[in-house]
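# Per-entry structural report
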Amino acid sequence: MKKIRFIAFFCVTVIVLLSGYSLKANAEGYIKWVDCNVPYEILLNAYEYDVKYYGSEEVQFDFAEALAYLAVKNGNKYQVKKDLKALSDLVHKLKEGKKISDFYGDNKYYIYYVESYRAIFAQFIGEYSVNDTRQYGLKNYHPFPKGYWYNHYDDFGASRSYGFKRKHLGHDLMGSIGTPMIAIEGGTVTEFGWNKYGGWRIGIRSFDGKRSYYYAHLRKNKPYAEGVQKGSTIEAGQVIGYLGVTGYSRKENANMGCPPHLHLGMQLIFDESQYSGRGEIWIDMYHITKFLSHNRVEVKKGETDYYSVNVKKTISA
Ligand SMILES: [Zn+2]
């Protein structure tokens, strides 16, 4: 009897722990962790539907809601073929007059995923103007400009050492030293200068405060574009600095012994206590950068720096 009671207690404990683990929001009322593992193919397909049905009376499509619908349906275990089909079936149902929220609208996981995806993708898709022409689509930029090579694989969470044992909470994109680095999204520069891990780095907090982007290992001697400093206001698509291989040293301006790459991080902040310290939420940027490869800015060489041309300007609603 004792044994059965123990097993029952053990199972309940595991279930409680697991449900806490998957939902990751608690009584304090803000989200504690997000696993964004939406494959590139799904992001792109959902994006194409979003653009196609933008302003449509017939179909009410919403990018974040559609992803949340899929995450609830598949238990956050994406399978490209199956989920592309589920997305297409969803659109058929929307054409019959349903809304996405009709399916899982009051499901707590659905609400959690909608809030998570809205936080991540808030500024990715929207209205913008280029040369005074109004358009709708992808407006956040890939960190590498048009025509510059890069190479990457999904390395989020891999364990790293470089003398400092810690989990890799970012995404590395290999490239050539001196490649102009582009701000994915606009915001304010909150971190700037030397860091013993990231070397010359720059941290940009989004205007709504919910995201912080981290670009590290910038170039020795000339890491930043002129005028970029702590407190600067940055626009999406702006040249902020140059790819390099600095870091992992207490000594400033030191290169490390590995191939040149950009270390890119994206952090979510639902509560200010999550900005730095133990509660930090970092997002896997592998699939997101693949998605962003559909929007690469063109750069030209100026006197002191490279600069971006034909940058999309956000139109605020
Ligand atoms: Zn890295």
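Right above here is the structure, for reference.
Residues numbered from 1 in each chain as written. Predicted model: local features only at pLDDT ≥ 70, side-chain atom pairs only at ≥ 80, totals over all residues. Heavy atoms only, no water.

## Looking at the nonpolar core
Heads up, the condition is: Only buried residues count toward a nonpolar core. Its members are Ala, Val, Leu, Ile, Met, Phe, Trp, Tyr and Cys residues joined through side-chain atoms within 4.5 Å. Type-normalised accessible area, obtained with a 1.4 Å probe on protein chains alone, sets the label of each residue: buried when under 20%, exposed when over 50%, and partly exposed for intermediate values. Domain segmentation is taken from an automatic or database assignment of domains. Residue contacts are defined here by distance: any two heavy atoms, one from each residue, within 4.5 Å place the two residues in contact.
In terms of nonpolar packing, the biggest core is built from 79 residues, with V34, F61, Y117, I120, F121, F124 and Y215 touching the most fellow members. Looking at which domains feed residues into this core, each of domain 2 (33-121) and domain 3 (151-314) gives three or more. In this view, F121 contacts C36, L43, F63, L67 and I288; residues no more than four positions away in its chain are not counted.

## What about the packing of aromatic side chains?
Test applied: Only Phe, Tyr and Trp rings are paired, with Trp represented by its six-membered ring, and only when their centres lie within 6.5 Å; those with planes under 30 degrees apart are stacked, over 60 edge-to-face, the remainder tilted. Secondary structure elements follow DSSP: runs of H or I of four or more residues count as helices, runs of E of two or more count as strands, with numbering from the N terminus. Only when the NZ atom of a Lys or the CZ atom of an Arg is both within 6 Å of the ring centre and within 35 degrees of the ring normal do we say a charge sits over the ring.
By the definition in use, this model includes 18 aromatic pairs. Considering the side-chain rings of F63 and F121, the 5.2 Å spacing of their centres and the 85 degrees angle between planes classify their relative orientation as edge-to-face. Of this pair, F63 sits in helix α3 (residues 63-74) while F121 sits in helix α6 (residues 108-121); the two residues are 58 residues apart in sequence, bridging distant segments of the chain. Considered together, F63 and F121 belong to a single accessibility category, that of buried residues. Between the aromatic rings of F63 and F291, the centroid separation amounts to 6.1 Å while the plane-to-plane angle is 10 degrees, which identifies the pairing as stacked. Taken as a pair, F63 in helix α3 and F291 in helix α7 (residues 286-292) lie far apart in primary sequence, 228 residues in all. Using a relative accessible area of 5% as the deciding quantity, one classes F63 as buried. Joined through ring pairs, the aromatic side chains of Y47, F63, F121, F124 and F291 make up one cluster. In this structure, K32 packs its charged tip against the face of Y30, placed 3.8 Å from the ring centre. For the cation-ring pair, R205 lies above Y275, with the distance from its terminal atom to the ring centre recorded as 4.6 Å.

## Here we look at empty space enclosed by the protein
Here is the rule: Cavities and pockets were defined on a 1 Å grid built over protein atoms only: a cavity is a set of grid points that admits a 1.4 Å probe from which the probe cannot escape, a pocket is an open set flanked by protein on both sides within 12 Å along at least five of seven lines, and lining residues are those with an atom within 4 Å of any such point. Grid points are joined across faces, edges and corners, and a volume is the space filled by probe spheres set on the points. Think of it as three bins: nonpolar holds Ala, Val, Leu, Ile, Met, Phe, Trp, Tyr, Cys and Pro, charged holds Asp, Glu, Lys and Arg, and polar takes everything else, Gly as well.
Going through the model one piece at a time under the given rule, you end up with one cavity of 30 Å³ or more. Size it by volume and the largest cavity reaches roughly 30 Å³. Every residue lining the largest cavity is listed: C36, N37, V38, D284, H287 and I288. Of the residues that constitute the lining of the largest cavity, the class distribution is three nonpolar, two polar and one charged. In terms of domain composition, the lining of the largest cavity takes at least three residues from each of domain 2 (33-121) and domain 3 (151-314).

## A few points about the environment of K301
Relative to the helices and strands, K301 resides in strand β14 (residues 298-301). In this structure, the C-alpha to C-alpha distance between K301 and P180, residues 121 residues apart in sequence, is 9.8 Å. Contact partners of K301, with chain neighbours within four places excluded, come to Y306 and Y307.

## Quick look at the layout of surface pockets
Of the pockets and cavities examined, the largest pocket occupies roughly 690 Å³. Taken together, 34 residues form the lining of the largest pocket, with A122, Q123, I125, G126 and K139 sitting closest to its centre. Counting residues per element, the ones that place at least two in the lining of the largest pocket are α3, α6, β1 (125-130) and β16 (313-314). Here the residues of the lining of the largest pocket are counted per class, giving 15 nonpolar, eight polar and eleven charged. Taken together, domain 2 (33-121) and domain 3 (151-314) each give at least three residues to the lining of the largest pocket, which thus spans both.

## Let's talk about helix α2 (residues 40-52)
Here is the rule we go by: Between the first and last residue of a helix there are one fewer steps than residues, each counted as 1.5 Å, and that sum is the expected span.
With 13 residues, α2 extends 18 Å between its outermost C-alpha atoms, agreeing within 8% with the 18 Å of an ideal straight helix rising 1.5 Å per residue. By the burial criterion, the buried members of α2 are Y40, I42, L43, L44, N45, A46, Y47, Y49 and D50. In this structure, the buried side of α2 is in contact with α3, α4 (80-95), α6, β1, β2 (133-138) and α7.

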